[in-house]
There are 2 protein chains.
Amino acid sequence: MTHADKAVELARGRHAAFLNQYAEMLRIPSVSTLPEHRDDMVRMAEWCAEELRRLGMTRVEINGTPGHPIVYAEWLNAPGKPTVLVYGHYDVQPVDPVHEWESAPFGADVRGEWIFARGASDMKGQFFAQMKALECLRDTDGAYPVNIKYLLEGEEEIGSINLPAFIDAHREQLACDVTLNCDAGMHAPDMPSITYSLRGLAYFEIELRAPGRDLHSGLFGGSVRNPIHVLAELIAGLHDAKGRVTLPGFYDRVRPLDDEERALLARVPWSEEEWLEITGAAALYGEEGYTTHERVGARPTLDVNGIWGGFTGEGAKTVLPARAWAKLSTRLVPDQRQGEIEGMLRAYLEANAPKGVEWTLKIHSLGPGAVMDRKSAYMQSAAAALEEVFGSPPLFKREGGSVPVVGLFQEKLGVDSIMLGFALPGDGIHGPNERQHLPTLFKGVEAYIRFLYRLGE
Amino acid sequence: MTHADKAVELARGRHAAFLNQYAEMLRIPSVSTLPEHRDDMVRMAEWCAEELRRLGMTRVEINGTPGHPIVYAEWLNAPGKPTVLVYGHYDVQPVDPVHEWESAPFGADVRGEWIFARGASDMKGQFFAQMKALECLRDTDGAYPVNIKYLLEGEEEIGSINLPAFIDAHREQLACDVTLNCDAGMHAPDMPSITYSLRGLAYFEIELRAPGRDLHSGLFGGSVRNPIHVLAELIAGLHDAKGRVTLPGFYDRVRPLDDEERALLARVPWSEEEWLEITGAAALYGEEGYTTHERVGARPTLDVNGIWGGFTGEGAKTVLPARAWAKLSTRLVPDQRQGEIEGMLRAYLEANAPKGVEWTLKIHSLGPGAVMDRKSAYMQSAAAALEEVFGSPPLFKREGGSVPVVGLFQEKLGVDSIMLGFALPGDGIHGPNERQHLPTLFKGVEAYIRFLYRLGE
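About the cut-offs
- Residues numbered from 1 in each chain as written.
- Chains lettered and ligands numbered in written order.
- Predicted model: local features only at pLDDT ≥ 70, side-chain atom pairs only at ≥ 80, totals over all residues.
- Helix = DSSP H or I, 4+ residues; strand = E, 2+ residues; numbered from the N terminus.
- Rg over C-alpha atoms; globule rule 2.2 N^0.38 Å.
- Buried ≥ 20, exposed ≤ 12 C-beta atoms within 10 Å, placed from the backbone.
- Contact = placed C-beta atoms within 7 Å.
- Core = buried A, V, L, I, M, F, W, Y, C linked by C-beta atoms within 7 Å.
- Axes fitted to C-alpha atoms, helices over the stretch in contact; angles between N-to-C directions.
- Parallel < 35°, antiparallel > 145°, perpendicular 65-115°, else oblique.
- Left-handed = near helix turned anticlockwise from the far one by under 90°.
- Nonpolar A, V, L, I, M, F, W, Y, C, P; charged D, E, K, R; others polar.
- Domains from an automatic or database assignment.
- Pairing = 2+ DSSP bridges.
- Expected span 1.5 Å × (residues − 1).
- Least-squares fit on C-alpha atoms with pLDDT ≥ 70 in both.
- pLDDT = per-residue confidence, 0-100.

1. A look at the overall build of chain A
Phase 1 of the analysis: In terms of helices and strands, chain A carries 15 helices and 18 strands.
Phase 2 of the analysis: Computed over its C-alpha atoms, the radius of gyration of chain A comes to 23 Å, within 12% of the 23 Å expected for a compact globule of 457 residues.
Phase 3 of the analysis: With the C-alpha coordinates aligned to their principal axes, the bounding extent of chain A is approximately 80 × 50 × 45 Å.
Phase 4 of the analysis: By residue count, 57% of the 457 residues in chain A fall in the buried class.
Phase 5 of the analysis: Counted over contacts in chain A with a minimum sequence separation of 6, partners at least 24 positions apart contribute 79%.

Okay, structure coming up:
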């Protein structure tokens, strides 16, 4: 019986204790985007630091930033072994629409094999499982098989605003051989998978202004521009009938898929029925000429994430509004450049906003995409760990979501990230009733144990 | 000196008292569309009833309805004289965007020649001026020159939902020779005018549903329909490049303007500069081939009054929303039929909403437009009264707004409405900083005195 086997056995005996502690952290409403949760963000950072102290980290710091704190920790007593930088984020998305939740978003309600809470899957559950793996390794032989560093930020859901400067200022301290990024998932409970490609994100907000103030739509309707109409036209014009984004040059830098990679991706058993079930959509829709997996993983997309203007209360108000707004984001793939996308959007507004309508474009975040080396030794250790725990080799996937920090680590620390996490596609992250599959998370603890153990061999 | 001259003199001595009482009624926040103002609606109805009792009405009733109460009053002691039904509404629009008000929306702040309050112009000020005209007539000779009936409703801003049934149930009681509708205005402080044509209103709400729940726009964006995109396309498709509404059949029943009427309308001295100043717009825009006055007065229009969906808070949330909504209204001219418009809109959604997107269409209100006889004796009395008070004959105008009750009275009581009121185009009704020009309102009291006096001659 190896140390890893013993640590796994220990973990299996602690599920009830894990669940209690996990629920406790899920009850802290660490919503980074809402100012009213600022104190909760501090509480959550302190929770993380306290847990890292319990794990015997020899240095634990809560670093202030102009935004939310960054938690750093390290344990470097494994000379000659690789150094793994564990990345996670302790912030979560807002909970609206709150009335669509079946239990309180921060109640951590357990129903069947699932725990329901904002952040359960994205991603408190993931770094919690990673911490529990360390706990069991330590309780097995009093030390860790590799050197460990931790970087837990509180701004992932708002674009990791202060992370680049922090990394720049702490390059030495953060130096490592590989990053373990727990902000990841599997294809299905019985299908381990490793995401080796992530899309980038450029998130904007458009404001349109037409009349100088809100007007009566009866007295003035039909005589001046209605900014909602203009916004609708601008949004409608961003896609063509084939589902392609119309911004000139948008696809110019997109790296095409080769046959080998298309074949690899085709192995991931997404069925149309499954996708319909997960999304609840009545039909699939996307760019012509690509499979759904390719559409979300290897092709850039553009989505309006929010729109508002005029009267949105109950009943009727006959207003011709002065302003209208939209939040809009593009998911970018290698080798698109986020800065260029902003220029394309400005040029589009310049060319298409009609006379008499003013606009402003605000940037919420810009982050690059990333593709990792599928064949590295670290990647192979992760694959072997997953096979050991789940009984089958992992699928290799490209994912539609963005983890800007993966690109950041490539750029600033020169290391790849191993995306190893135990979320599932139907977890409802960012939506109501977010959940985490508990049996999968408990297996995740085992996979983290075996992965770290393999890295130290 | 006639009785009318004496009553006018009396009115001129009471401006300060009028202003106090006017401000008092403006401080009651009678917003009909918001459930939290239900008690204020009752208070406002009671204020009206109390004032009508003070005016010596021999019967004053507050009639309950499934919505807000209808105030009825009468004084029928002028045998052989015409019976005038005075119409008004005591409800007001909501105040949002509230942060754009420079003084409290229900504070009734007086600055210069203006009083600022929601409802000051639309239309508490107007029926208040009419009541003060009666007060001065009564205080002059203890009686009124004509028989008077009052009908004050509390649901005009939400489509007069319960008024048709009330009229049906009280046809005898409401019988009259002519209606005096105070929900009206003038072209400028020195340019009296009479509106003889109003547009109808059909107000709808569209809900679109695409995925079954809110999704993560990175993981799922580009693979299913985004209902905001679909809504934008549907809205963009409602107008063509010439500013015309594209609904098939929309213009089929529109009564064309003849040369005589176009010439009459052209006398109203709207300048493009004035319109730009009132609206605050940088440019005018509307249906090709028509003047601005024709566009808002004689042509049907369609405006989206509100739109919302997805994340609309501060910051960024990468959601692919499950739903999107729009409030949309059409202003109708004779002889369009509001029921047909609903059918056209349904057919449009049926034909253009893509597969995988469900929609529902909700009706908020449907009301006909109306054109009145410009040459009737009642209209001529109103014109003479205005000329007497303002020193010049009134302009005859078509107006873009809707006063559904005008069509209702034509249909159910068989009488025309004299639209006589003292709002001004720049009053900002339905928007922030609604105001009423006080010198114009005080002249309005005089005009009401002279109009009623002439009717009784």
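2. Let's talk about the nonpolar core
Phase 1 of the analysis: In terms of nonpolar packing, the biggest core is built from 92 residues, with B:Val84, B:Tyr150, B:Ala382, B:Leu420, B:Ile449 and B:Leu452 touching the most fellow members.
Phase 2 of the analysis: A:Ala7, A:Tyr150, A:Leu441 and A:Tyr453 belong to the second-largest nonpolar core, a separate cluster that totals 90 residues.

3. Some remarks on the packing of helix H4 (residues 120–141) of chain B against helix H15 (residues 438–455) of chain B
All names here are of chain B.
Phase 1 of the analysis: Contact geometry for H4 and H15: axes closest at 8 Å, N-to-C directions at 55 degrees. With respect to each other, H4 and H15 are oriented oblique. Seen from above, H4 lies across H15 with right-handed handedness. Within the contact between the two elements, H4 uses Gly 125, Ala 129, Gln 130, Lys 132, Ala 133, Cys 136 and Leu 137 and H15 uses Leu 441, Gly 444, Val 445, Tyr 448, Ile 449 and Leu 452.
Phase 2 of the analysis: Along the lines of polarity and charge, the residues of the contact of H4 with H15 split into 9 nonpolar, 3 polar and 1 charged.

4. A look at the domain arrangement of chain A
Residues and elements named next belong to chain A.
Phase 1 of the analysis: Domain boundaries assigned for chain A yield domain 1 (3–198 + 369–456) and domain 2 (201–254 + 300–366).
Phase 2 of the analysis: Here the C-alpha centroids of domain 1 and domain 2 sit 35 Å apart.
Phase 3 of the analysis: Opposite the 6 residues of domain 1 that make contact, domain 2 presents 8 residues.
Phase 4 of the analysis: Grouping the amino acids of the side of domain 1 that touches domain 2 by side-chain chemistry returns 2 nonpolar, 4 polar and no charged.

5. A few points about the interface of chain B and chain A
Phase 1 of the analysis: Taken together, the 82 residues of chain B in the interface contact 82 residues of chain A.
Phase 2 of the analysis: Considering every element that reaches the side of chain B that touches chain A, the biggest residue donor is strand S11 (residues 301–310) of chain B, with 9 residues.
Phase 3 of the analysis: Residues belonging to the side of chain B that touches chain A are distributed by class as follows: 31 nonpolar, 36 polar and 15 charged.
Phase 4 of the analysis: Relative to S11(B), strand S11 (residues 301–310) of chain A runs antiparallel, the two being bridged by 5 bridges. If you follow A:Gly306 over to S11(B), its bridge partner there is B:Gly310.

6. Some words on H15(B)
Phase 1 of the analysis: If you check H15(B), its first and last C-alpha atoms are 26 Å apart, about what 18 residues at 1.5 Å a residue would give, namely 26 Å.
Phase 2 of the analysis: Most of H15(B) sits inside the fold, with 16 of its 18 residues counted as buried.

7. What about the sheet that holds strand S4 (residues 109–111) of chain A?
All names here are of chain A.
Phase 1 of the analysis: Sheet architecture is open: 3 strands sit in the order S4-S5-S18, paired in antiparallel fashion. One side of each edge strand has no neighbouring strand; the edge strands of this open sheet are S4 and strand S18 (435–437). When the angles between neighbouring strand axes are averaged without regard to direction, this sheet yields 25 degrees.
Phase 2 of the analysis: Contacting strand S5 (114–116) and S18, helix H15 (residues 438–456) crosses the sheet at an angle of about 60 degrees to S18.

8. A word on unusual backbone geometry
In most cases, non-glycine residues show a negative phi, while peptide bonds are predominantly trans.
Phase 1 of the analysis: With an omega dihedral of -10 degrees, the bond running from A:Asp122 to A:Met123 counts as a cis peptide bond.
Phase 2 of the analysis: Mapped onto the elements, A:Met123 comes out in helix H4 (residues 120–141).
Phase 3 of the analysis: Backbone geometry at A:Ala108 places phi at a positive 55 degrees, although glycine is not the residue there.
Phase 4 of the analysis: Its 23 C-beta neighbours within 10 Å are what place A:Ala108 among the buried residues.
Phase 5 of the analysis: Even without a glycine there, the phi angle at B:Ser160 is positive, about 50 degrees.

9. Some details on the relation of the copies chain B and chain A
Phase 1 of the analysis: The transformation that overlays chain B on chain A combines an axial shift of 0.0 Å with a rotation of 180 degrees, and the residual RMSD is 0.1 Å. Expressed as a symmetry operation, the mapping of one chain copy onto the other fits a two-fold axis.
Phase 2 of the analysis: Comparing contact sets, 100% of the residues at the interface of chain B also lie at the interface in chain A, consistent with an isologous, same-surface contact.

10. A look at the sheet that holds strand S3 (residues 83–89) of chain A
All names here are of chain A.
Phase 1 of the analysis: The mixed open sheet is built from 6 strands, whose spatial order is S1-S2-S6-S3-S7-S17. Two strands close off the open sheet at either side, each with one partner strand: strand S1 (59–63) and strand S17 (417–419). Mean inter-strand twist for the sheet, computed between neighbouring axes without regard to direction, equals 20 degrees.
Phase 2 of the analysis: Strand direction decides the pairing type here: strand S7 (residues 178–181) and S17, joined by 3 bridges, are parallel. Note that in S17 the partner of Thr 179 across the bridge is Ser 417.
Phase 3 of the analysis: Where helix H14 (residues 404–412) meets the sheet, it contacts S3, S7 and S17, and its direction lies at approximately 175 degrees from that of S7.

11. So, the environment of A:Ala23
All names here are of chain A.
Phase 1 of the analysis: Along the chain, the position of Ala 23 falls in helix H2 (residues 15–26).
Phase 2 of the analysis: By C-beta crowding, Ala 23 is classed as partly exposed, having 16 other C-beta atoms within 10 Å.
Phase 3 of the analysis: C-alpha separation for the pair Ala 23 and Val 110, spaced 87 residues apart in sequence, amounts to 9.1 Å.
Phase 4 of the analysis: Not counting chain neighbours up to four residues away, the residues in contact with Ala 23 comprise Ala 108 and Ile 115.

12. Digging into the packing of helix H2 (residues 15–26) of chain B against H4(B)
All names here are of chain B.
Phase 1 of the analysis: Their axes nearest at 11 Å, the elements H2 and H4 cross at an angle of 135 degrees. Classified by the angle between their axes, H2 and H4 sit oblique to one another. The handedness of the crossing between H2 and H4 is right-handed. On H4, the residues touching Phe 18, Tyr 22, Met 25 and Leu 26 of H2 are Ala 120, Lys 124, Gly 125, Phe 128 and Lys 132.
Phase 2 of the analysis: The residue inventory of the contact of H2 with H4, partitioned by class, reads 6 nonpolar, 1 polar and 2 charged.

13. As for the environment of B:Val268
Residues and elements named next belong to chain B.
Phase 1 of the analysis: Along the chain, the position of Val 268 falls in the loop between helix H9 (259–266) and helix H10 (272–279).
Phase 2 of the analysis: Owing to 17 C-beta atoms within 10 Å, Val 268 belongs among the partly exposed residues under this scheme.
Phase 3 of the analysis: Taking the C-alpha atoms as reference, Val 268 lies 9.0 Å from Ser 193; in sequence the two are 75 residues apart.

14. Considerations on the confidence of the model for chain A
Phase 1 of the analysis: The predicted model of chain A averages 94 in pLDDT, with 100% of residues at 70 or higher.
Phase 2 of the analysis: Taken over the whole predicted complex, pTM reads 0.75, whereas the ipTM for its chain interfaces reads 0.76.

15. Topic: the environment of A:Val60
Residues and elements named next belong to chain A.
Phase 1 of the analysis: Take Val 60: it is sitting in strand S1.
Phase 2 of the analysis: Residue Val 60 is classed as buried on the basis of its 20 C-beta neighbours within 10 Å.
Phase 3 of the analysis: A C-alpha to C-alpha distance of 16 Å links Val 60 and Tyr 90, two positions 30 residues apart in sequence.
Phase 4 of the analysis: With near-sequence residues (within four places) excluded, Val 60 lies in contact with Ala 49, Leu 52, Arg 53 and Ala 73.

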